[in-house]
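# A closer look at the structure
Chain by chain, the residues:
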Amino acid sequence: MRKYSVIIAAVLALVLCGCSDKKGSSDTSTSSSSADSSVSSVASTSVFSSSTENSSTITEITESTSVENSESSVPIVESDPQNTDETFLVGLAGDKILKSEITSVFTNDGSDCLPQDLTEDKFSAVLCNGFAYVAQTSGASRNSIDNADVYDSVNMCFTDMNAVPEKNYIRLNVGDTINGLVLTSAETNFARGSDTTVFDLSDGSRKKGAELGIPEIYFAASSAKFEGEMTLTGYISKVAADEYGIAAGDILFVPADGGEKFPVMSYRLDGDNGFYHTTQVYSLSGLTWQNSFGYMYLGNARDTTADISALPEDGSFVKATVTVDNFELNCGVNFSNSVKAQIKDIRATPHN
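Positions within a chain are numbered from 1, following the residues in the order the chain's sequence is written. pLDDT decides what is reported in this predicted model: residues at 70 or higher carry local features, side-chain atom pairs at 80 or more are listed and counted, and totals for whole chains, interfaces and linings draw on all residues regardless. Computation of side-chain values covers all heavy atoms of the structure but excludes hydrogens and water.

## Description of the overall build of the protein chain
Each helix and strand counted, the protein chain has one helix and 25 strands in total. Working definition: with a 1.4 Å probe on protein chains only, accessible area under 20% of the residue-type maximum means buried, over 50% means exposed, and in between means partly exposed. Classification of the 352 residues of the protein chain by burial places 56% in the buried group. Contact criterion: two residues are considered in contact whenever any of their non-hydrogen atoms come within 4.5 Å of each other. Within the protein chain, counting contacts between residues at least 6 apart in sequence, those at least 24 apart form 71% of the total. Here, Shrake-Rupley sampling with a 1.4 Å probe gives the accessible areas, and only protein chains in the shown set may cover a residue. Accessible surface for the protein chain amounts to roughly 14,600 Å². Of this, 47% is attributable to carbon and sulfur atoms. Helix and strand definitions here come from DSSP, where helices need a minimum of 4 consecutive H or I residues and strands a minimum of 2 consecutive E residues; each element is numbered from the N-terminal end.

## Concerning the environment of A93
Checked against the element boundaries, A93 lands in the loop between β3 (86-90) and β4 (96-98). In this structure A93 comes out as partly exposed when scored by relative accessible area, which is 38%. Beyond its immediate stretch of four places on either side in the chain, A93 contacts Y133, Y169, I170 and R171.

## Some remarks on the packing of aromatic side chains
We call Phe, Tyr and Trp rings a pair once their centres come within 6.5 Å, taking the six-membered ring for Trp, and we label the pair stacked below 30 degrees between planes, edge-to-face above 60, and tilted otherwise. Counted by the stated rule, this structure contains 13 aromatic pairs. With a centroid separation of 5.7 Å and 80° between ring planes, the pair formed by F131 and Y133 is classed as edge-to-face. By the burial criterion, F131 is buried, and Y133 matches it. Considering the side-chain rings of F190 and F219, the 5.9 Å spacing of their centres and the 80° angle between planes classify their relative orientation as edge-to-face. Pair noted here: F190 is in strand β13 (residues 181-192) and F219 is in strand β16 (residues 217-227), with a separation of 29 residues, a long-range link. The pair F190 / F219 is uniform in exposure class, with both members buried.

## Concerning the nonpolar core
To form a nonpolar core, buried Ala, Val, Leu, Ile, Met, Phe, Trp, Tyr and Cys residues must be joined to one another through side-chain atoms within 4.5 Å. Ranked by internal contacts, the top residues of the largest apolar core, which has 62 residues, are I236, F262 and M296. Looking at which element gives the most residues to this core, the answer is strand β24 (residues 318-332), with seven residues. Once residues within four sequence positions are removed from consideration, I236 is found in contact with I251, L252, F253, L298, L311, S316, F317, V318, A320, V322 and I346. Residues Y282, W289, Y295 and Y297 belong to the second largest nonpolar core, which totals twelve residues.

## Description of the confidence of the model for the protein chain
Residues of the protein chain with pLDDT of at least 70 account for 74%, and the chain-wide mean is 79. A score from 0 to 100, pLDDT tells how confident the predictor is in each residue. In this model residues 1-37 is a low-confidence stretch, pLDDT under 50, and it forms 121 contacts with partners more than four residues away in sequence or in other chains.

## Some thoughts on the pattern of salt bridges
Criterion for a salt bridge: a side-chain nitrogen of Lys or Arg within 4 Å of a carboxyl oxygen of Asp or Glu. Summed over the entire model, instances satisfying the criterion amount to nine salt bridges. Here R142 makes a salt bridge to D160, at a shortest N to O gap of 3.0 Å. Note that R142 is positioned in strand β8 (residues 142-143) and D160 in the loop between β10 (157-158) and β11 (169-173), a separation of 18 residues in sequence. On the basis of relative accessible area, R142 is assigned to the buried category, the value being 15%. Linked through salt bridges whose partners overlap, the residues forming this network are D95, E101 and R171.

## Remarks on the pairing of strand β17 (residues 229-238)
Burial runs high along β17: seven of the ten residues are buried. For two strands to be treated as a pair, DSSP must find no fewer than two bridges joining them. Sheet analysis places β17 next to β24, joined by eight bridges and oriented antiparallel. Across the sheet, T233 pairs through a bridge with T321, a residue of β24. Bridge count for β17 against strand β18 (residues 250-255) is five bridges, and the pairing is antiparallel. Within β18, the position partnered with I236 by the bridge is F253.

## Regarding the environment of S237
Among the secondary structure elements, S237 is positioned in strand β17. By relative accessible area, S237 is classed as buried at 1%. Along the primary structure S237 and V318 are separated by 81 residues, whereas in three dimensions their C-alpha atoms are 6.6 Å apart. Beyond its immediate chain neighbours, meaning those up to four positions away, S237 contacts D250, I251, L252, G315, S316 and F317. In protein, a polar contact means a hydrogen-donor-capable atom and an acceptor-capable atom, both N or O and within 3.5 Å, with residues adjacent in sequence counting only if both atoms are side-chain atoms; elsewhere, any N or O pair within 3.5 Å suffices. Reaching out from S237, the side chain makes a polar contact with the backbone oxygen of G315 at a distance of 2.6 Å.

## Comments concerning unusual backbone geometry
One non-glycine residue, M156, lies in the positive phi region at around 50°. Position of M156 among the secondary structure elements: in the loop between β9 (151-152) and β10. For M156, a relative accessible area of 24% translates into the label partly exposed. The phi dihedral of N334 falls on the positive side, at around 65°, and the residue is not glycine. Examined against the element boundaries, N334 turns out to sit in the loop between β24 and β25 (337-348). In this structure N334 comes out as buried when scored by relative accessible area, which is 11%.

## Regarding the side chain of D270
By the element assignment, D270 lies in strand β19 (residues 268-270). No salt bridge is formed by the buried D270, whose closest oppositely charged neighbour, R268, lies at an N-O distance of 6.8 Å. Separated by 3.0 Å, the side chains of D270 and Y276 make a polar contact. Counted as positive: Lys and Arg. Counted as negative: Asp and Glu. His and the chain ends are not counted at all.

## A closer look at the environment of S266
In this structure, S266 sits in the loop between β18 and β19. Sequence-wise, S266 and S292 are 26 residues apart; in three dimensions their C-alpha atoms are separated by 7.0 Å. Aside from chain neighbours lying at most four places away, what touches S266 is Y169, Y276, H277, S292, F293, C331 and N337. Of the polar contacts made by the side chain of S266, one reaches the backbone oxygen of S292; its length is 2.5 Å.

In structure tokens, the structure reads:
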């Protein structure tokens with residue numbers, strides 16, 4: 001059986017599930033700026049570096065963390081011998097993936113394969129339709145303005161925030177509701193490769209995924225669209241100039257503590273913890289913050305009909321309350337995490 005590296009699987013995830021950045025596009029569906037771009041991310045829980053992991057401009061401060069009983073990256077689910085629709089694929093919620101949920105099969109040799117003919121020896125990736133995996137967080141976040149008393153500017157960290165890996169992913173099917181948001185469309189990708197990836201562990205050792213209980217067939221990415229409206233308070237910026245992954249005029253929003261009421265993806269995978277999500281520290285235009293997803297992309301100034309006259313031209317962040325709808329989430333494992341929404345209303349504090 002041919003085995004593919006995790007980078008190929010992750011690239012497939014980005015292609016299939018749309019976790020990519022298109023700089024300077026006028027289309028708000030493709031001009032998002034990822035948390036993996038020129039926004040400096042100080043990842044306080046990245047405990048490994050894979051020999052095949054994507055390189056980026058992100059700066060990371062590493063700290064050893066672990067999750068108890070994480071020998072396997074996904075729950076073990078026993079097959080139902082009476083259910084011939086089941087496949088060998090298992091989701092982040094421990095659910096068996098069904099052939100009827102698969103829309104496309106990609107094979108090792110490029111030959112055609114129908115979902116009903118899917119086997120482990122004729123598989124490199126599959127695309128599923130109608131469901132996605134998300135996690136509900138506490139909404140805890142910090143920023144260097146509201147939480148200056150606990151912000152360590154030298155080490156770029158918040159002294160009262162512990163970045164703990166969490167594994168509370170659930171499966172949402174189209175039509176399901178979470179926090180008032182209704183899932184209207186979703187795609188999920190599975191791909192081959194993590195068993196042969198060499199992981200550098202927090203104790204200094206190096207092991208292959210197979211030695212750590214990480215399966216060869218693994219979850220790679222999800223994308224989801226939601227209907228529903230939310231009002232959030234936090235800090236907003238209109239980007240002043242083009243940078244890598246961010247276009248001039250992009251509107252970025254960072255919710256304040258308790259404002260993260262929407263689900264997140266933020267998929268991470270490492271040899272110590274398996275699949276998990278956690279908080280990270282980010283920095284851009286004078287603001288440093290820690291949360292579980294980065295920032296929310298609210299389109300570009302040239303396309304919005306909202307009154308953004310109070311946003312400073314120099315790209316600095318100002319306090320604001322925004323009402324948004326039409327949420328979109330996209331994320332590939334260990335790749336950029338995209339959170340988008342459309343502005344319905346904005347009340348920003350004028351820049352002095």
